[in-house]
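Listed below are the residues making up each chain.
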Amino acid sequence: MKKRASGQSRLNRWWAQWLNRRLPPAAKVTLAHKSIFILPTGFGLLWLFLVLILFIFGTNYQNNLVIGLSILLLSLFNTCIIYSYRNLAGLTLHSTASPQAYAGETIVFPIKLFSTQRQFDVLLNYSDNQIKVIKTIGEEPIQTLVPFDNLARGRVSPGRLKIESRYPLGLFRAWSHVNLDNPHIVFASPLVSPSQLKSLDTDNENITGDIGTHIPGVDEFKGLKQHIPGESLKQVAWKQLAQGRGMLSKEFQQPQGEPKWLFIEDLSTPKLEKQLSELTWAIDKMSGRGQVFGLVIGRKKILPSDGDAHRIHCLQELAMIPAYEEADS
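For clarity, every value in this text was computed on a predicted model and none was experimentally measured.

What counts, and at which threshold
- Residues numbered from 1 in each chain as written.
- Predicted model: local features only at pLDDT ≥ 70, side-chain atom pairs only at ≥ 80, totals over all residues.
- Heavy atoms only, no water.
- Helix = DSSP H or I, 4+ residues; strand = E, 2+ residues; numbered from the N terminus.
- Buried < 20%, exposed > 50% of the residue type's maximum accessible area, 1.4 Å probe, protein only.
- Pairing = 2+ DSSP bridges.
- Axes fitted to C-alpha atoms, helices over the stretch in contact; angles between N-to-C directions.
- Contact = heavy atoms within 4.5 Å.
- Expected span 1.5 Å × (residues − 1).
- Polar contact = N/O pair within 3.5 Å; in protein donor to acceptor, adjacent residues only side chain to side chain.

> Just give me the short version of unusual backbone geometry, but keep the residues and values in it.
Of note, the amide linkage connecting Y167 to P168 takes the cis form, showing an omega dihedral of 5 degrees. Looking at the element boundaries, P168 is found in the loop between strand 9 (161-165) and strand 10 (172-178). In this structure, Q62 takes a positive phi of about 50 degrees despite not being glycine. Positionally, Q62 belongs in the loop between helix 2 (42-60) and helix 3 (64-86). Residue Q62 is classed as exposed on the basis of its relative accessible area, which comes to 71%.

> Outline the sheet that holds strand 6 (residues 132-137), listing residues and values.
One open sheet accounts for five strands, arranged 2-10-9-5-6; its pairing is antiparallel. Across the chains shown, the open sheet's two edge strands, defined by having one partner strand only, are strand 2 (37-40) and strand 6. Averaged over all pairs of adjacent strands, the angle between their axes in this sheet comes to 25 degrees, without regard to strand direction. Here four bridges tie strand 5 (residues 119-126) to strand 9, and the two strands are oriented antiparallel to one another. Along strand 9, the bridge assignment pairs L124 with I163. Strands strand 2, strand 5 and strand 10 of the sheet are contacted by helix 3, whose axis makes an angle of about 25 degrees with strand 10.

> Go over helix 3, please, and point to the residues and values.
If you check helix 3, its first and last C-alpha atoms are 33 Å apart, about what 23 residues at 1.5 Å a residue would give, namely 33 Å. Where helix 3 is concerned, the buried positions are V66, I67, S70, L73, F77, C80 and S84. On the buried face of helix 3, the contacting elements are strand 2, helix 2 and strand 10. In this structure N63 caps helix 3, since a side-chain oxygen of it lies 3.0 Å from the backbone nitrogen of L65.

> Any details on the sheet that holds strand 3 (residues 92-95)? Residues and values, ideally.
Pairing within the open sheet is antiparallel, and its four strands lie in the order 1-3-4-7. Looking at which strands have only one partner, the edges of the open sheet turn out to be strand 1 (28-30) and strand 7 (142-149). When the angles between neighbouring strand axes are averaged without regard to direction, this sheet yields 25 degrees. In this structure, strand 1 lies alongside strand 3, joined through three bridges in antiparallel fashion. When the sheet's bridge partners are listed, V29 is paired in strand 3 with L93.

Structure, rendered in structure tokens:
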């Protein structure tokens, strides 16, 4: 059994290396003769067997009608090779950014497809994942979401995408394996734990407090809003008004109290995954409340800020922390 598993492992490695040379990773791929493989299906082999039986029967009984039928079926079989190839040739696949995802969730990878000619019944899927069926593809780009089940956090690569078609009669299976070079950073799975929240001056503060939030003020420029009649003309964004963007007012804010800090100092503890999940929940909670917070990861410090970009930055930093590995005894 071990020898068989070792042989399969070597074969898989050889196949992966051969595919990488023939179909290198790229964000945009157009299928052509070099990247399309074709083999008869089970139905196609049965069709060939039927052709052979008819030909033998026809020659044995000197029946020209049966011989002609066998030749007609064989020519149809050969014609399907061309149509199977043409149904994938020229198909362009382009990967785009994936939506945010947490460990344990199904990631969806957006793929744009278009072709120079009309193509039918194309199947897409990642290995051991749900198959996505696309009935028609034309010159107008269409976008589909290909699912990928994932349990791990960190940088996740779905691997090669399989594109398959059995058009027009199911006699042949034309397929390709493309690597769209679309790794995705998956956040740790959130776990409710308010005890992860700390302040620089006061430990174990409750998340329901208002420390670190913003209130209307004059310290920091927040953005533009629709002008309300009666507001001070000093707040009007005259530059935007001159650009023809309408009557807008400048909005300012000021932080309330000291920002909160989140800590994870010991990165070599068996409870690392639990702490990362708790911090992920805390970051989402605080960002949802508009609070300002910073993050300390060992010796690395992310300065306090707010907003969705800051939230994603912090979650990505947590997700990329190496997993804990037990030392060999």
